[in-house]
Amino acid sequence: ADALSEVAIKFLSAPSDEVSIEEEQRKAIADIFGQSHMAVIDLSDRMMAEMKRKNYVTPTHYLELVKGYVSLLVEKNTEIGEMANKLRNGLDKLTEARIQVEEMGVDLEKKKDIVAKKQKECQDLLVVIVEKRMSADEQKKQVEADSERIGKEEAETKILADDARRDLAKAMPALEAAIDALEKLDKKAISEVKAYSKPPDLVMKTMAAVMTVMDKTPSWQQAKLELNDPGFLTKIKNFDKDNISDSTLKKIIKYTKDPGFTPEAVTKVSSAAGALCLWVHAMRLYSEVYREVEPKRLKLKMAEETLAKKQSDLKAATERLKDIQERVQALKFQYDESMRTKDELTASAEELKVKLERAEKLVTGLAGEKDRWEESVQAYNEQISYLPGDC
């Protein structure tokens, strides 16, 4: 019997991935195998003695018994172990699902907070945009009104300028003719005039008129002094005609209103004096026209200065308006981006909420199964622990 037990222990101790028997159990099972085999031998001998029937009991039968036991133990251990593993996997999945549900709940709360912040951010931006847009609209109206008004003032200023130019144009032909005549004079022509010891009356009158225009003593002696000046013609050509005084103009008119004091008549006596006579007449005409035009020019200058300031203010206002409109556009773009982000987050949060509700229903629905599966796993583990004896 001991030898049989040793053989059984050897088979039961063979390494196996599917099943493992404790040493104490192996010895007890091996003893049962030995005792069972010996009992069969004894019963076979008794049957031979009593019934004269031979029952062969060989070592091979014993080995088949041990191998059959080991095979059945492995099979049952595998079968029950697989059922237990399936339930364990199910329990692991339930645990994972519960953890995921908790994580989804945390994520949902975070997304709700972000959506709320984005919502407030969008509302604040909208308030700013409305304020800026109102300011821009008001400024735009003001700029458009100023632009229209300044356009009218520009037209009025142009009318003033055209009017002043037209009045000045009356004197320009005579002035240009006088300058042209003076341009033709040379030192020889001037020497011809100053060579007179006693000049003809028209020459004398012409030089007196020239001295009067220059606001000097209208005498021949004074005239000769001026004629001896090398820069005389230059002084005449560049004379400050805009500042002829009223008293001087009255004196000039006394000369020019004389019917005999004409450039044509003087030219017959002296071409140089004729040119100077033409200049005197041109100075008188220019001075008269200038007095008529000067108030208009002053008014035009004031209008142009005022217009220039208004145009500058309008340009600055237009630039400020452009800046405000650009900022409004930038804020609108920021608002649109925030709204898009908020909508995406809201949709994501809603989708997560639906998933969370479904997961919660699933976990809640399987809560009863979880208890049953845990009990079943425990029962399977007990069955596996009893298999060495049950098999």
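Our structure's up above, just so we're on the same page.
Anyway, here's the lowdown on the structure attached to this text. (Residues numbered from 1 in each chain as written. Predicted model: local features only at pLDDT ≥ 70, side-chain atom pairs only at ≥ 80, totals over all residues. Heavy atoms only, no water.)

## What to know about the environment of Ala275
So, point 1. Assignment of secondary structure puts Ala275 in helix H10 (residues 271-365).
So, point 2. Between the alpha carbons of Ala275 and Asp336 there is a distance of 81 Å; along the sequence they are 61 residues apart. (Helix = DSSP H or I, 4+ residues; strand = E, 2+ residues; numbered from the N terminus.)

## Focus: unusual backbone geometry
So, point 1. Phi angles above zero are rare outside glycine, and Lys52 is one such case at about 60 degrees.
So, point 2. By the element assignment, Lys52 lies in the loop between helix H2 (23-51) and helix H3 (59-183).
So, point 3. Using a relative accessible area of 66% as the deciding quantity, one classes Lys52 as exposed.
So, point 4. A positive phi angle, near 60 degrees, is found at Asp215, a position not held by glycine.
So, point 5. Within the secondary structure, Asp215 sits in the loop between helix H5 (201-213) and helix H6 (220-227). (Buried < 20%, exposed > 50% of the residue type's maximum accessible area, 1.4 Å probe, protein only.)

## Comments concerning the environment of Leu233
So, point 1. As for its placement among the helices and strands, Leu233 is situated in helix H7 (residues 232-237).
So, point 2. Sequence spacing of Leu233 and Leu366 is 133 residues, and the spatial spacing of their C-alpha atoms is 122 Å.
So, point 3. In this structure Leu233 touches Leu185 and Ile190, once residues within four positions along its chain are discounted. (Contact = heavy atoms within 4.5 Å.)

## A short note on a nonpolar patch on the surface
So, point 1. Together, Leu126, Val130 and Met134 make up a nonpolar patch on the protein surface, roughly 270 Å² of accessible area in all.
So, point 2. Positionally, Val130 belongs in helix H3. (Patch = residues over 30% accessible without salt bridge, like charges linked within 9 Å, V, L, I, M, F, W, Y side chains within 5 Å. Areas by Shrake-Rupley, 256 points an atom, 1.4 Å probe, with all protein chains shown as cover. Salt bridge = Lys/Arg side-chain N within 4 Å of Asp/Glu carboxyl O.)

## Quick look at the packing of helix H8 (residues 246-256) against H10
So, point 1. As a packed pair, H8 and H10 sit with axes 10 Å apart at the nearest point and diverge in direction by 135 degrees. Here H8 is positioned oblique relative to H10, judged by the angle of their axes. Handedness of the H8/H10 crossing: left-handed. Between H8 and H10, the residues in contact are Asp246, Leu249, Ile252, Ile253 and Thr256 and Val280, His281, Arg284, Ser287, Glu288 and Arg291, respectively.
So, point 2. Partitioned by chemical class, the residues of the contact of H8 with H10 number 4 nonpolar, 3 polar and 4 charged. (Axes fitted to C-alpha atoms, helices over the stretch in contact; angles between N-to-C directions. Parallel < 35°, antiparallel > 145°, perpendicular 65-115°, else oblique. Left-handed = near helix turned anticlockwise from the far one by under 90°. Nonpolar A, V, L, I, M, F, W, Y, C, P; charged D, E, K, R; others polar.)

## As for H2
So, point 1. Here H2 contains 29 residues, and its C-alpha end-to-end distance of 41 Å stays within 8% of the 42 Å for a straight helix at 1.5 Å per residue.
So, point 2. Among the residues making up H2, those that are buried are Arg26, Ile29, Ala30, Phe33, Gly34, His37 and Ser44.
So, point 3. Directly beyond the C-terminal end of H2, a positive phi value near 60 degrees is found at Lys52. (Expected span 1.5 Å × (residues − 1).)

## Focus on the pattern of salt bridges
So, point 1. Using the criterion set out here, one finds 24 salt bridges in the structure.
So, point 2. For the salt bridge of Glu109 with Lys112, the shortest nitrogen-to-oxygen distance reads 4.0 Å. Taken together, the positions of Glu109 and Lys112, both in helix H3 and 3 residues apart, correspond to about one turn of that helix.
So, point 3. Since its relative accessible area comes to 44%, Glu109 is described here as partly exposed.
So, point 4. Accessibility expressed as a relative area gives 40% for Lys112, which makes it partly exposed.
So, point 5. Taking the shortest distance from any N to any O, the salt bridge between Asp246 and Arg291 comes out at 2.7 Å. Of this pair, Asp246 sits in helix H8 while Arg291 sits in helix H10, and the two are 45 residues apart along the sequence.
So, point 6. On the basis of relative accessibility, which here comes to 27%, the residue Arg291 falls in the partly exposed class.

## Some remarks on the packing of aromatic side chains
So, point 1. If you walk through the whole model with that rule in mind, you get 3 aromatic pairs.
So, point 2. With a centroid separation of 5.7 Å and 80 degrees between ring planes, the pair formed by Phe239 and Trp279 is classed as edge-to-face. Here Phe239 is found in the loop between H7 and H8, whereas its partner Trp279 is found in helix H10, with 40 residues between them in sequence.
So, point 3. Arranged with centres 6.5 Å apart and planes meeting at 55 degrees, the rings of Tyr255 and Phe261 form a pair that is tilted. Across this residue pair, the class does not change: Tyr255 and Phe261 are buried.
So, point 4. Between the NZ or CZ atom of Lys241 and the centre of the ring of Tyr286, over which it lies, the distance is 5.4 Å. (Phe/Tyr/Trp six-rings, centres within 6.5 Å; stacked < 30°, edge-to-face > 60°. Lys NZ or Arg CZ within 6 Å of the ring centre and 35° of its normal.)

Note that all results are geometric; they support no functional claim without further evidence.
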